[in-house]
Protein chains: 2
Amino acid sequence: MSAHITAPTQQVSEWLSNFGNALDRADFDAAANLFQEDGYWRDLVSLTWNIKTLEGRENIKEMLKATVSEAKPGRWQAEGDATSDNGVISGWLTFETAVSRGKGQIRLRDGKCWTLLTTMTELKGFEEKKGATRPTGVRHGASPNRQSWLERKTQEAAELGITRQPYCLIIGGGQGGIILGARLKQLEVPTIIIEKNSRPGDSWRNRYKSLCLHDPVWYDHLPYLPFPDHWPIFSPKDKIGDWLEMYTKVMELGYWHSTECQSARYDEAAQEWTVTVVRGGETVVLRPKQLVLATGMSGIPNVPEIQGAHTFKGKQHHSSKHTTGEEYGGQRCVVVGSCNSAHDICADLWEHGADVTMIQRSSTHVAKSDSLMELALGGLYSEAALKSGITTDVADLIFASVPYKIMHTFHIPVYKEIAQRDADLYARLNKAGFLLDFGEDGSGLFMKYLRRGSGYYIDVGASELIAAGKIKLKSGVGIERIKEHSLVLSDGTELPADLIVYATGYGSMNGWAARIISQEVADRVGKCWGLGSDTKKDPGPWEGELRNMWKPTRQPSLWFQGGNLHQSRHYSQFLALQIKARMEGISTPVYHLSEVHHLS
Amino acid sequence: MSAHITAPTQQVSEWLSNFGNALDRADFDAAANLFQEDGYWRDLVSLTWNIKTLEGRENIKEMLKATVSEAKPGRWQAEGDATSDNGVISGWLTFETAVSRGKGQIRLRDGKCWTLLTTMTELKGFEEKKGATRPTGVRHGASPNRQSWLERKTQEAAELGITRQPYCLIIGGGQGGIILGARLKQLEVPTIIIEKNSRPGDSWRNRYKSLCLHDPVWYDHLPYLPFPDHWPIFSPKDKIGDWLEMYTKVMELGYWHSTECQSARYDEAAQEWTVTVVRGGETVVLRPKQLVLATGMSGIPNVPEIQGAHTFKGKQHHSSKHTTGEEYGGQRCVVVGSCNSAHDICADLWEHGADVTMIQRSSTHVAKSDSLMELALGGLYSEAALKSGITTDVADLIFASVPYKIMHTFHIPVYKEIAQRDADLYARLNKAGFLLDFGEDGSGLFMKYLRRGSGYYIDVGASELIAAGKIKLKSGVGIERIKEHSLVLSDGTELPADLIVYATGYGSMNGWAARIISQEVADRVGKCWGLGSDTKKDPGPWEGELRNMWKPTRQPSLWFQGGNLHQSRHYSQFLALQIKARMEGISTPVYHLSEVHHLS
């Protein structure tokens, strides 16, 4: 078939019609040939019961062969008007499988599909009750001994985990656990979230005093209950903490605060977990069918082992334990590290009158917050985007529609522009000795975040302090050893210090699996996060998706939920649907469970 | 000018253009002549700095003469597409005055204006910060000794009312106080809300256990933070209580719980109030410029004085103190009254196995909740309305656009339909001896609510219990006296009783003014609520608007906020703008402050 020049929407409709027909005939060659030779299909749970990007016709054909007979995808329909830009036609679509409904996005080039995104939106027969199907709230008529909402809620809280087992247990009641818990609640999956702190939101409240979200409000919405219109662009940590606490209550989540997990093991025969937790001092054994680690995508704090550290007479702690610079006015403070936390903490210490030195061990990507907003995020997540009809849900799908394999090519030009726009700042940072990079391929901040979850600073002011020498800098050095009142650096310098903050990042999330379950299970699951890009801290082979996140792992019934608010919001939809399907006994054949190439 | 037959939107545009021109020329005859002889203009604060309906050309002309030179209304523009239905053209409009922007609605008949609504949406230069103008949340750059959001918030809470006086004090922290507080917060008016209970939402939580909102969710949204899509149609009382508590925190209101007002007096010279409150046991004197009573539009509980009541050996209390029927299983319970609370409490007692008798002293309007939803409210406040583009804000304006003088004519046909649809229930209620009415003119529930705030039951099940004799009924009788274990009725019957609940309603809101300020001020202000319809409990003369609500009263700087959630939401906008204007020293000449005809 030659590519007709027709209106964009018609082209999308025709493509979908041809595609649907090919699938109906089980003609997978024909279906795959509707893609470009190097076309992509990203499927979020709809056909693969996995989070999977098929790269190239052959892989697409293989997936179709394996999944179509059971998934029975059909009813492919264009939704709304497609648009054409620079030879690429983009459009929305809806479709169904035997058990679900879905929404997707397609890009056509020369009449063939360049990228296809398919996402599951709901399971048939298990739709969320909302809008016209929302609950009545009161049962009209007279029923002796009816329970009030409060009585029912109180009873449920008293029973769940005590006399009745939750189907799902989420370990970690930060944003990731709370958001997933909200989705599971709406899907009527009995769930308990356990959290070691005493209040929802404490994982934010307990961080350093000056912390504000580095991402803007449009990017940060929680599902079901968006922030109001007057919400600040960059939420202060205590304000987001309060919001999470409110959200947990309003969404009526089963939230066990002041609860720590002692151990978890999977009983293959019973196909359930045995999880021992200590709740307010009392030991409780839970037996959920599904276990989710939502313990922070950053895993366990990394504190480097440095010779002599135990002899240090001043204070020393990991950045996750640092609260405020208040008590350090006039003191000599050394911050080890050069990413977000390191910069924020340096600036806060400087603002409180401390003598601050940052130790930059290796190069760091820096991008000004304003520039990121305007050039990188603004098109999808901003007031202007909203005005042009790009709601958060729409933006999430557009974001998800770009295959990771080619995502860097979308980012490189943006960061070229940022480099030009802020050339003056970069020059002054250089001059101050700061080691800068834009990622190995120049693709900047978000790719670094995906590949290694680290390596950058979103500049909200500290860079100027460094450029001006107000925050002192030692770069390209390591720490040789620590003495009672100083650090000795690899270049021989000795830095006197009253405080050392290790802003040295976090380990892989499977570290939590090792700690809570076993090293064996942690190794079976392997490294979490990262794409296999073969760049620093993200070794190959290429994975095509983030390792282990929001999708089945090599350990049955063990899941990882996490990421920034955007990811927690968007991907929790698919994790929740996977869990719900299992609870309802819906067949969920997982296509191509990932291989494990790295243990951490 | 003869009425041209043109497209509806064009007709509206032409009318507005002619109207604007007439006002610009100060030709008030011409402007008034653009209205029908019996046309209406309802102004919410824009021109009149009052809540005022002008009825007929003459009154419109008088108002224009008095207000136009200072208000300088202009820039009248049609907004969106007007529609035509049954000879009436309806359209939206925007306009400005010298100091404000506004939105309005117009209905044209035969080319002339039948009804015009003008509402103030914002004061120029004092717009709410939202969307593109929302706060940043963080000050980028480095500033020594910066305060975090939490520190600033804590300091403000420590200072307001202690070292710094609030501009506005709201007495009553139920829904009305909270909603107004939220609007004032967004307008940056320093405000304290005082509430005698210990938590926001307790005024709902403390009511009888089975209580659910009688109005549906679409009608009940609070401003800024609408209920999520899964929120139940009829909110259980504790759930709405939790929402109000969350809302108070998220909106960062200055909320003094466990605080009671002892006294308030106005200092004419200083133009401020001296208000003595007891906060957690400690006396604090506040000196706000504006005082708002948000103590519940129902005012102080009415308990009838009945001979011998003090000799009663069982329990007796007003419905506002009744919590649950739990402890009354098997007991003889008498509920005096036949409106919402009476019915709900009777049903709850019956559900708990009590022997229940309702004493109906006079006829009551009954309408089934479902019928009200479908026939009365559904067109504006429902999922279907939402789908057709009628958001809550739009619905509120449509609702507000119907002048009270003719509102009953919109309602009578609706209640005729309800009477037919539910004829079977009404017949059975009749047969059971229940005295029914549909209001004196057949205009049903909402007009009763506006006229007297009472006299009806939204049936959610109790009517069937009455029809079936499960709730016993004594109707058309009064209570002669109360003995140790019984009530003697006016027809001579003696009813044995272990419990008497007085579901006998509430007094006018100015009763609160008498209690808190003085009888003199309560009398100066006069009766609150009611339209002067000259129907039962709403004596004439005709007022055209609810007495004293959300608008200037005869007592300077004293305001009344209240009503159901719909009214609290919608009218708080205008009350907040009136207060903000006064704080900013904007001239607010009040057109035609209402006369006082009744003291309570």
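Residues numbered from 1 in each chain as written. Chains lettered and ligands numbered in written order. Predicted model: local features only at pLDDT ≥ 70, side-chain atom pairs only at ≥ 80, totals over all residues. Heavy atoms only, no water.

**Q** So what about the overall build of chain A? Which residues, and what values?
**A** Within chain A one finds 19 helices and 24 strands. On C-alpha atoms alone, chain A measures out to a radius of gyration of 25 Å, which is about the 25 Å that the 2.2 N^0.38 rule sets for 600 residues. With the principal axes as the frame, chain A shows a C-alpha extent of 75 × 70 × 50 Å. In chain A, once contacts between residues fewer than 6 apart in sequence are set aside, the share between residues at least 24 apart is 65%. For chain A, the computed accessible surface area is about 23200 Å², with 49% contributed by carbon and sulfur atoms. (Helix = DSSP H or I, 4+ residues; strand = E, 2+ residues; numbered from the N terminus. Rg over C-alpha atoms; globule rule 2.2 N^0.38 Å. Contact = heavy atoms within 4.5 Å. Areas by Shrake-Rupley, 256 points an atom, 1.4 Å probe, with all protein chains shown as cover.)

**Q** Outline the environment of Ala 269 of chain A, listing residues and values.
**A** Looking at the element boundaries, Ala 269 of chain A is found in the loop between β10 (259-267) and β11 (272-279). C-alpha separation for the pair Ala 269 of chain A and His 365 of chain A, spaced 96 residues apart in sequence, amounts to 49 Å.

**Q** Quick rundown of the packing of helix α10 (residues 369-377) of chain A against helix α13 (residues 404-421) of chain A? Include the residues and the values.
**A** All names here are of chain A. At a minimum axis distance of 10 Å, the contact between α10 and α13 shows a crossing angle of 145 degrees. Considering the relative orientation of α10 and α13, their crossing is right-handed. Here Asp 370, Ser 371, Leu 372, Glu 374, Leu 375 and Ala 376 of α10 come into contact with α13, specifically with Val 414, Tyr 415, Glu 417, Ile 418 and Arg 421. (Axes fitted to C-alpha atoms, helices over the stretch in contact; angles between N-to-C directions. Left-handed = near helix turned anticlockwise from the far one by under 90°.)

**Q** Now, about the relation of the copies chain A and chain B: what can you tell me, with residues and values included?
**A** For these two chains of identical sequence, chain A goes onto chain B by a turn of 180 degrees and a shift of 0.0 Å along the axis, with RMSD 0.0 Å. In short, the pair behaves as if placed about a two-fold rotation axis. No C-alpha of chain A lies nearer the rotation axis than that of Met 246 of chain A, which sits 2.8 Å from it. (Least-squares fit on C-alpha atoms with pLDDT ≥ 70 in both.)

**Q** Describe the environment of Val 334 of chain B, listing the residues and the values that go with them.
**A** Mapped onto the secondary structure, Val 334 of chain B falls in strand β15 (residues 332-336). For the pair Val 334 of chain B and Ile 500 of chain B, spaced 166 residues apart in the sequence, the C-alpha separation amounts to 4.9 Å.

**Q** If you had to explain the pairing of strand β4 (residues 88-96) of chain A to someone new, which residues and values would you point to?
**A** Across a regular strand the side chains alternate sides, sitting on one face of the sheet and then on the other. Residues and elements named next belong to chain A. The buried count for β4 comes to eight of nine residues, which makes it a mostly enclosed element. In the sheet, strand β3 (residues 74-85) pairs with β4 via seven bridges, with the strands oriented antiparallel. Looking at β4, one finds that Gln 77 is bridged to Thr 94. With antiparallel pairing between neighbouring strands as the criterion, β3 and β4 make up a hairpin whose turn holds two residues, including Asn 86 at a positive phi of roughly 55 degrees. The loop that links β4 with its antiparallel partner strand β5 (residues 100-109) comprises three residues. (Buried < 20%, exposed > 50% of the residue type's maximum accessible area, 1.4 Å probe, protein only. Pairing = 2+ DSSP bridges.)

**Q** Go over the pattern of salt bridges with me, naming the residues and quoting the values.
**A** Where charged atoms from two side chains of opposite charge come close, those side chains can pair. Per the counting criterion, the structure on display carries 84 salt bridges over all chains. Residue Asp 424 of chain A is joined to Arg 428 of chain A by a salt bridge in which the shortest nitrogen-to-oxygen separation is 3.1 Å. Highlighted residues: Asp 424 of chain A and Arg 428 of chain A, both in helix α14 (residues 423-431), separated by four residues, approximately one helical turn. The exposure class assigned to Asp 424 of chain A is exposed, which follows from its relative accessible area of 51%. The network of salt bridges with common partners includes Lys 153 of chain A together with Arg 199, Asp 202, Arg 205, Asp 242 and Glu 245 of chain B. (Salt bridge = Lys/Arg side-chain N within 4 Å of Asp/Glu carboxyl O.)

**Q** Outline the interface of chain A and chain B, supporting the account with residue identities and numerical values.
**A** On the side of chain B, 55 residues touch chain A, which itself brings 55 residues to the contact. Ranking the residues of chain A by area buried against chain B places Arg 134, His 230 and Glu 351 of chain A at the top, with a combined share of 16%. At the boundary of chain A and chain B, one finds ten salt bridges. Residues Lys 239 of chain A and Glu 252 of chain B are paired through a salt bridge, measuring 2.4 Å at the closest nitrogen-oxygen approach. Where chain A touches chain B, the interface holds 24 residue pairs in polar contact (both at pLDDT 80 or more). Elements that contribute at least two residues to the side of chain A that touches chain B include exactly α4 (149-159), α7 (217-220), α8 (237-250), α9 (340-351) and α10 of chain A. Ranked by residue count, the leading element in the side of chain A that touches chain B is α8 of chain A, at six residues. The residue inventory of the side of chain A that touches chain B, partitioned by class, reads 26 nonpolar, 13 polar and 16 charged. (Buried area = accessible area lost by both parts, 1.4 Å probe. Polar contact = N/O pair within 3.5 Å; in protein donor to acceptor, adjacent residues only side chain to side chain. Nonpolar A, V, L, I, M, F, W, Y, C, P; charged D, E, K, R; others polar.)

**Q** Could you give an account of the nonpolar core, with specific residues and numbers?
**A** Core analysis: the largest hydrophobic core is formed by 282 residues, its most contacted members being Trp 243 and Tyr 247 of chain A together with Trp 243 of chain B. Each residue touching Trp 243 of chain A, except ones within four places of it in the same chain, is listed here: Leu 222, Leu 225, Pro 226, Phe 227, Pro 228 and Trp 231 of chain A together with Leu 225 and Val 250 of chain B. (Core = buried A, V, L, I, M, F, W, Y, C linked by side-chain atoms within 4.5 Å.)

**Q** Please set out the sheet that holds β10 of chain A residue by residue, giving values where relevant.
**A** All names here are of chain A. Sheet architecture is open: three strands sit in the order β10-β11-β12, paired in antiparallel fashion. Two strands in the sheet have a free side with no partner beyond their single neighbour: β10 and β12 (282-286). Sheet twist, expressed as the average angle between the axes of neighbouring strands with direction ignored, equals 15 degrees. Bridge count for β11 against β12 is five bridges, and the pairing is antiparallel. Considered in β12, the bridge of Val 275 is made with Leu 286.

**Q** An account of helix α14 (residues 423-431) of chain B is requested, with residue identities and associated values reported.
**A** The periodicity of an α-helix, 3.6 residues per turn, causes residues three or four places apart in sequence to face the same way. All names here are of chain B. Along α14, the residues that are buried comprise Leu 425, Tyr 426 and Leu 429. Buried residues along α14 cover an arc of 100 degrees about the axis, so they all sit on one side. Within α14, the exposed residues directed more than 90 degrees away from the buried face are Asp 424 and Lys 431. Considering only its buried residues, α14 is in contact with β17 (365-368), α13 (404-421), β18 (456-459) and α16 (462-467). Downstream of α14 by a residue or two, Gly 433 has a phi angle that is positive, lying close to 95 degrees. (Arc of directions from axis to C-beta.)

**Q** Lay out the packing of aromatic side chains with the relevant residues and their values.
**A** For the coordinates displayed, the defined rule picks out 44 aromatic pairs over all chains. For the ring pair Phe 19 of chain A and Trp 76 of chain A, a centre distance of 5.1 Å and an interplane angle of 70 degrees mean the geometry is edge-to-face. Placement of Phe 19 of chain A in helix α1 (residues 8-24) and of Trp 76 of chain A in strand β3 is noted, with a sequence separation of 57 residues between them. Both residues of the pair, Phe 19 of chain A and Trp 76 of chain A, belong to the buried class. Ring geometry for Tyr 426 of chain B and Phe 438 of chain B: centres 5.2 Å apart, planes at 65 degrees, overall edge-to-face. With Tyr 426 of chain B in helix α14 and Phe 438 of chain B in the loop between α14 and α15 (444-452), this pair connects stretches of sequence that are twelve residues apart. Note on Tyr 426 of chain B: relative accessible area 7%, which makes it buried. Taken together, the ring pairs connect Tyr 219, Tyr 381, Phe 399, Phe 446, Tyr 449, Trp 529, Trp 550, Tyr 571 and Phe 574 of chain A into an aromatic cluster. Across from the ring centre of Trp 114 of chain A, 4.0 Å away, lies the NZ or CZ of Arg 109 of chain A, which sits over that ring. When the ring centre of Trp 512 of chain A is taken as origin, the NZ or CZ atom of Arg 515 of chain A, which lies over that ring, is 5.2 Å away. (Phe/Tyr/Trp six-rings, centres within 6.5 Å; stacked < 30°, edge-to-face > 60°. Lys NZ or Arg CZ within 6 Å of the ring centre and 35° of its normal.)

**Q** Give me the lowdown on the side chain of Gln 360 of chain B, citing residues and values where you can.
**A** Residues and elements named next belong to chain B. Among the structural elements, Gln 360 can be located in strand β16 (residues 355-360). Relative accessible area serves as the criterion here: at 0%, Gln 360 is assigned to the buried category. Within polar-contact distance, the side chain of Gln 360 engages the backbone oxygen of Leu 435 at 2.8 Å. Beyond its immediate stretch of four places on either side in the chain, Gln 360 contacts Ser 338, Gly 433, Phe 434, Leu 435, Leu 473, Lys 474, Ser 475, Gly 476 and Val 477.

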